[in-house]
Amino acid sequence: MTRKPVNKLITLGAGLAVAATALGAPPAAAAAPPEGAYWHTRAVTTIAHPWRFGTKSDPYELLQRRVSELWSAPDGKQWYGFRELGAQPATEADKKAWQRDGSPAKWSRSIDGKVVKLSAEPSRGHVSPVRTERDQFQFAGQWLTYDEVQRLPADPDRLKDWVTKAGQVFGITAESMTHWLSSSLPQLLHALPAPKEVRAGAYQALLTLPGVRAGGDAKDTLGRAGAAVVIESSSGTGKKASTVKQTLIVDTGRMVLLSQGRAVAVGGKAFGAKSYNEILVEVGWTNARPAVPAPS
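Heads up: these notes are all about the structure in this document. (Residues numbered from 1 in each chain as written. Predicted model: local features only at pLDDT ≥ 70, side-chain atom pairs only at ≥ 80, totals over all residues. Heavy atoms only, no water.)

**Quick look at the layout of surface pockets**
Step number 1: The volume enclosed by the largest pocket comes to roughly 560 Å³.
Step number 2: Along the wall of the largest pocket there are 27 residues; nearest its centre are Leu-70, Gln-138, Gln-187, His-190 and Ala-191.
Step number 3: Elements represented by at least two residues in the lining of the largest pocket include exactly strand E1 (38-55), strand E2 (58-72), strand E3 (78-89), strand E7 (137-139), helix H5 (177-184) and strand E14 (276-286).
Step number 4: Among the residues forming the lining of the largest pocket, the class breakdown is 11 nonpolar, 12 polar and four charged.
Step number 5: Roughly 380 Å³ of volume is contained in the second largest pocket.
Step number 6: Considering the residues around the second largest pocket, the lining is formed by 17 residues, among which His-179, Ser-182, Ser-183, Ile-231 and Gln-246 are closest to the centre.
Step number 7: Elements with a minimum of two residues in the lining of the second largest pocket: H5, strand E10 (225-235), strand E11 (242-251) and strand E12 (256-266).
Step number 8: No other element matches the four residues that H5 contributes to the lining of the second largest pocket.
Step number 9: For the lining of the second largest pocket, the per-class residue count stands at five nonpolar, 10 polar and two charged. (1 Å grid on protein atoms, 1.4 Å probe; cavity = no way out; pocket = protein on both sides within 12 Å on 5 of 7 lines; lining within 4 Å. Points joined across faces, edges and corners; volume = space filled by probe spheres on them. Helix = DSSP H or I, 4+ residues; strand = E, 2+ residues; numbered from the N terminus. Nonpolar A, V, L, I, M, F, W, Y, C, P; charged D, E, K, R; others polar.)

**Structural notes on the packing of aromatic side chains**
We describe a pair of aromatic rings using the distance from one ring centre to the other and the angle between the two ring planes.
Step number 1: Here the structure, examined in full by the defined rule, presents six aromatic pairs.
Step number 2: A centroid spacing of 5.7 Å and a plane angle of 85° characterise the contact between Tyr-38 and Trp-79, whose relative ring orientation is edge-to-face. On the criterion of sequence distance, the pair formed by Tyr-38 in strand E1 and Trp-79 in strand E3 is long-range, its members being 41 residues apart.
Step number 3: Given a relative accessible area of 9%, Tyr-38 falls into the buried group.
Step number 4: Within the aromatic cluster, the residues linked to one another by ring pairs are Trp-39, Tyr-146 and Trp-285.
Step number 5: The cationic tip of Lys-114 hangs over the ring face of Trp-51; the distance from NZ or CZ to the ring centre is 4.5 Å. (Phe/Tyr/Trp six-rings, centres within 6.5 Å; stacked < 30°, edge-to-face > 60°. Buried < 20%, exposed > 50% of the residue type's maximum accessible area, 1.4 Å probe, protein only. Lys NZ or Arg CZ within 6 Å of the ring centre and 35° of its normal.)

**Remarks on the environment of Arg-131**
Step number 1: Topologically, Arg-131 is positioned in the loop between strand E6 (126-129) and E7.
Step number 2: Each C-alpha atom, one on Arg-131 and one on Lys-77, is 8.7 Å from the other, the two residues being 54 residues apart in sequence.

**A look at the pattern of salt bridges**
Step number 1: For the coordinates displayed, the defined rule picks out nine salt bridges.
Step number 2: Residue Arg-42 is joined to Glu-69 by a salt bridge in which the shortest nitrogen-to-oxygen separation is 2.7 Å. Remark: Glu-69 occurs in strand E2 and Arg-42 occurs in strand E1; sequence separation between them is 27 residues.
Step number 3: Residue classification places Arg-42 among the buried positions, given a relative accessible area of 7%.
Step number 4: Between Arg-66 and Glu-84 there is a salt bridge, with the nearest N and O atoms lying 3.3 Å from each other. Highlighted residues: Arg-66 in strand E2 and Glu-84 in strand E3, separated in sequence by 18 residues. (Salt bridge = Lys/Arg side-chain N within 4 Å of Asp/Glu carboxyl O.)

**Some points on the pairing of E3**
Step number 1: Looking at chain direction, E2 and E3 are connected through 11 bridges and run antiparallel. Residue pairing in the sheet places Arg-65 in a bridge with Gly-86 of E3.
Step number 2: Here E2 folds back onto E3, and the loop between the two strands holds five residues, one of which, Gly-76, carries a positive phi near 95°.
Step number 3: Bridging between E3 and E6 involves four bridges; their strand directions are antiparallel. Note that in E6 the partner of Phe-82 across the bridge is His-126. (Pairing = 2+ DSSP bridges.)

Structure follows, in structure tokens:
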């Protein structure tokens with residue numbers, strides 16, 4: 001069951017002296033003003049479709065691509081935009097099999113007869129306000145104002161301690177705390193308008209966690225250079241053993257996330273249906289108003 005964000009642990013704005021003692025927050029200071037009308041992210045996600053197409057003697061696989069955008073105003077109001085970008089053959093070999101299948105632009109059934117609705121053309125897309133319990137930012141199970149986001153601890157140890165205590169209030173067990181931290185901290189690299197110093201603290205804190213390691217210099221699929229962070233976990237045994245390898249590429253100059261990919265294997269075999277690659281095309285402040293995501 002999905003938990004709803006709980007009330008703030010301790011207000012980080014008013015009453016910050018108490019927060020500094022309980023959560024290791026920095027001394028009260030004026031929050032940096034926003035650098036634009038919206039904190040904005042544009043992400044293009046690619047996933048492998050779980051079914052095969054063509055014929056049983058000459059099958060091929062498809063990739064689905066979609067773009068999503070999120071605009072967050074300093075007052076906490078948000079808008080979400082989405083558009084399917086169209087399906088395409090997964091590899092060059094799949095492309096040749098697709099061409100032998102007549103190069104279809106739409107698919108209604110898989111080889112095994114499963115009903116699907118796929119198109120090679122982008123959809124119309126949409127944009128709409130995000131309806132939430134309150135107009136605030138959600139992070140680590142908490143509702144935070146813009147000022148409170150600005151005052152999150154920049155020190156890696158204090159930030160990790162804050163997120164840990166937030167997890168405890170949220171009901172996260174000790175056994176699950178590492179996963180909580182490794183999934184929460186990267187959010188500060190793109191999803192919230194946190195100061196660069198806080199983003200840097202999140203990056204440094206992430207590298208101290210079990211199962212997380214620096215992966216060296218890397219480039220995303222757009223050719224942008226960054227530093228790779230690899231997060232690995234496993235569960236189960238024998239044929240049911242599963243491994244998850246998540247790779248983040250971080251622009252350590254701007255301290256923002258460039259891309260994140262997830263590769264899942266079950267019983268030693270790749271499980272494409274649970275794997276994906278996401279490119280953060282844009283992360284930062286903008287004055288451009290929310291609009292249906294462009295198909296480019």
